[in-house]
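Chain residues, written in single-letter form:
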Amino acid sequence: MIFNKKALEFSFSWIFAIIVGAVIIFLAVYASTEFIKTEKTKQDTVLGKQLGIILTPIETNLETGKITKISIPEETRIYNECKSSQGTFGTQKISLATKLLNDEWGKPGFPSTFNNKYIFSQDVIEGKEYFVFAKPFNMPFKIADLIYLWPSDENFCFVNPPREIEDEILDLGISINITSSASECKKEAKKVCFTTSGCDIDISLDSSGNIKGSLKKKFADRVYFETSALLYAAIFSSPEVYECHLKRLMKRTSELSLLYYSKSLLLNSKGCASNLEVDLSSYTNKLFAFNSSLDLRELFFDAEIIRRKNEALSCKLF
Amino acid sequence: MKHFHVSYFNNKKAQLKIQQMAFVLVALIIFLAIVALFYFSISLSNIRKTASSLQDEEALEAVRKLASTPEFVLTTHTCSNCIDLDKAFSLKERRSYDEFWNLDFLQIENVYSEEKNECDKANYPNCKTITLIKNEEIGSPKSAFVTICYWTREKGGYTKCELGRIYASGKNIDK
């Protein structure tokens, strides 16, 4: 009995060594896990910033702009965050997340913030390859280049689009199927209907023949657009991202309108009167009051008046 | 008495061993802390280098792209990469654009201007530079040649174009 008891005895140094050893091993495992996580976040942050920089040369004029394929070394999630109330112009944030060793998605890296970019995509997109193209947005002067981004494995099928859109898609080389009936679309493709309803995205075009109207995605609110640049924006992005970027675009339009107002005063002093100050001032006030895409129609009406007045000038403002 | 003496001796020996182990552990932890500190300082300097090169890359892209941005581009002609100097001069007074391009320094220079001074309301367009952004600490600016155009009342009034240079420097990462 006494012998058995002796066999179970541990000296204090053993107990101490076991406890300290366990603590050291635990700290080593914890430190290396944290280290891997930090490295991953660092890599994702750098990748996010690089993606933003890569997108800069893509923002170009339509004449030279073509669809571009962006390849990322590994399967990546892109988080598209838009803040319309941050700063004078609102902000565009991009962050990236890659998969961890256990094949689960890691936390996204720190977001890269841009004041002058407008990326239209779903809130979160994932894949290894992405399609991207840009289109200028004018109202009536150039406001910005809008960037459209979607994963290459996400297919779109346009059913009976207007001739203008069809030609543009063919010119840009965008890999979007164009059919005359929704039944001709691939099963996995997102169907975008221009004349019928019941598709993933239903578009109601204005009877004037111009590219303007509204768009309704399944289980989402209706959004409104004017011009093909905003039509693509509404198709490729979520309604939240679309409305947010639209607010940012209107903020930039109002600042540009004030800039042209200042330029007009400067040219007046040089003997080149444009007399557009009153129109620009009223246009700016309306832009400041912009609330949602529903206000676009009235603003585009005013923009068209300013464009016509400017066209008639011998000394053009823009 | 003898028994007490042995036990006392053993106890002392064990205490010495524990002390020895504690010293080794403390030394080990100090050594690991020094190694970690060394590693993190190298790693931090690498992160700084990466961030700085990314900022430089961003500034370079900005310089390439700035001439065609709506705030600068000359829209009255078909020149999509010419800078409208009248617009750029008007932009100088607009403080809302200070943080817009994420730059610490942004300047447009009229390369062949005989004047040496900064543009203001009194001397424009007979001046050398328009400085739009100038923060206290700036890195080495990147530059690109551009065409700068402005309206002049000479010869009955026309848009005059000259050779210009645009300078930009990315945001300092220490801020």
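Heads up: these notes are all about the structure in this document. In this text, all values refer to a predicted model and were calculated from it rather than measured experimentally.

The rules behind the values
Residues numbered from 1 in each chain as written. Chains lettered and ligands numbered in written order. Predicted model: local features only at pLDDT ≥ 70, side-chain atom pairs only at ≥ 80, totals over all residues. Helix = DSSP H or I, 4+ residues; strand = E, 2+ residues; numbered from the N terminus. Buried ≥ 20, exposed ≤ 12 C-beta atoms within 10 Å, placed from the backbone. Contact = placed C-beta atoms within 7 Å. Pairing = 2+ DSSP bridges. Right-handed = clockwise from strand over helix to strand, strands pointing away. Axes fitted to C-alpha atoms, helices over the stretch in contact; angles between N-to-C directions. Core = buried A, V, L, I, M, F, W, Y, C linked by C-beta atoms within 7 Å.

1. As for the overall build of chain A
Secondary structure summary: chain A contains 7 helices and 12 strands in total. When the 318 residues of chain A are sorted by exposure, 36% land in the buried category. Considering only contacts within chain A whose residues lie at least 6 apart along the sequence, 61% involve residues at least 24 apart.

2. Quick notes on the pairing of strand β7 (residues 156-159) of chain A
Residues and elements named next belong to chain A. Of the two faces of β7, the one lined by Phe 156 and Phe 158 and the one lined by Cys 157 and Val 159 are each fully buried. Looking at chain direction, β7 and strand β9 (residues 190-193) are connected through 4 bridges and run parallel. Within β9, the residue paired with Cys 157 across the bridge is Lys 191. The pairing of β7 with strand β8 (residues 177-179) spans 3 bridges and is classified as parallel. Bridge pairing in β8 places Cys 157 opposite Asn 177. For the crossover that starts at β7, traverses helix α3 (residues 163-172) and ends in the parallel β8, the hand is right-handed.

3. Digging into the interface of chain A and chain B
Of the residues lining the interface, 34 residues belong to chain A; the matching set on chain B comes to 33 residues. Elements with a minimum of two residues in the side of chain A that touches chain B: α2 (12-58), β6 (142-151) and α5 (239-269) of chain A. Per-element tally for the side of chain A that touches chain B: the top contributor is α2(A), with 10 residues.

4. Considering the sheet that holds β8(A)
Residues and elements named next belong to chain A. Strand order in this open sheet of 6 strands is β8-β7-β9-β10-β11-β12, and the pairing throughout is mixed. This sheet does not close on itself; its edge strands, each paired only once, are β8 and β12 (223-226). Geometrically, the sheet is characterised by an average inter-axis angle of 25 degrees between neighbouring strands, direction not taken into account. Together, β9, β10 (201-205), β11 (212-217) and β12 form the strand contacts of helix α4 (residues 227-236), whose direction differs from that of β12 by roughly 150 degrees.

5. Observations concerning the nonpolar core
Phe120(A), Leu146(A), Tyr148(A), Val192(A), Ala233(A), Ile83(B) and Ala168(B) are the most contacted members of the largest nonpolar core, which totals 101 residues. The element contributing the most residues to this core is α5(A), with 11 residues.

Distances and angles like these do not, on their own, reveal function.
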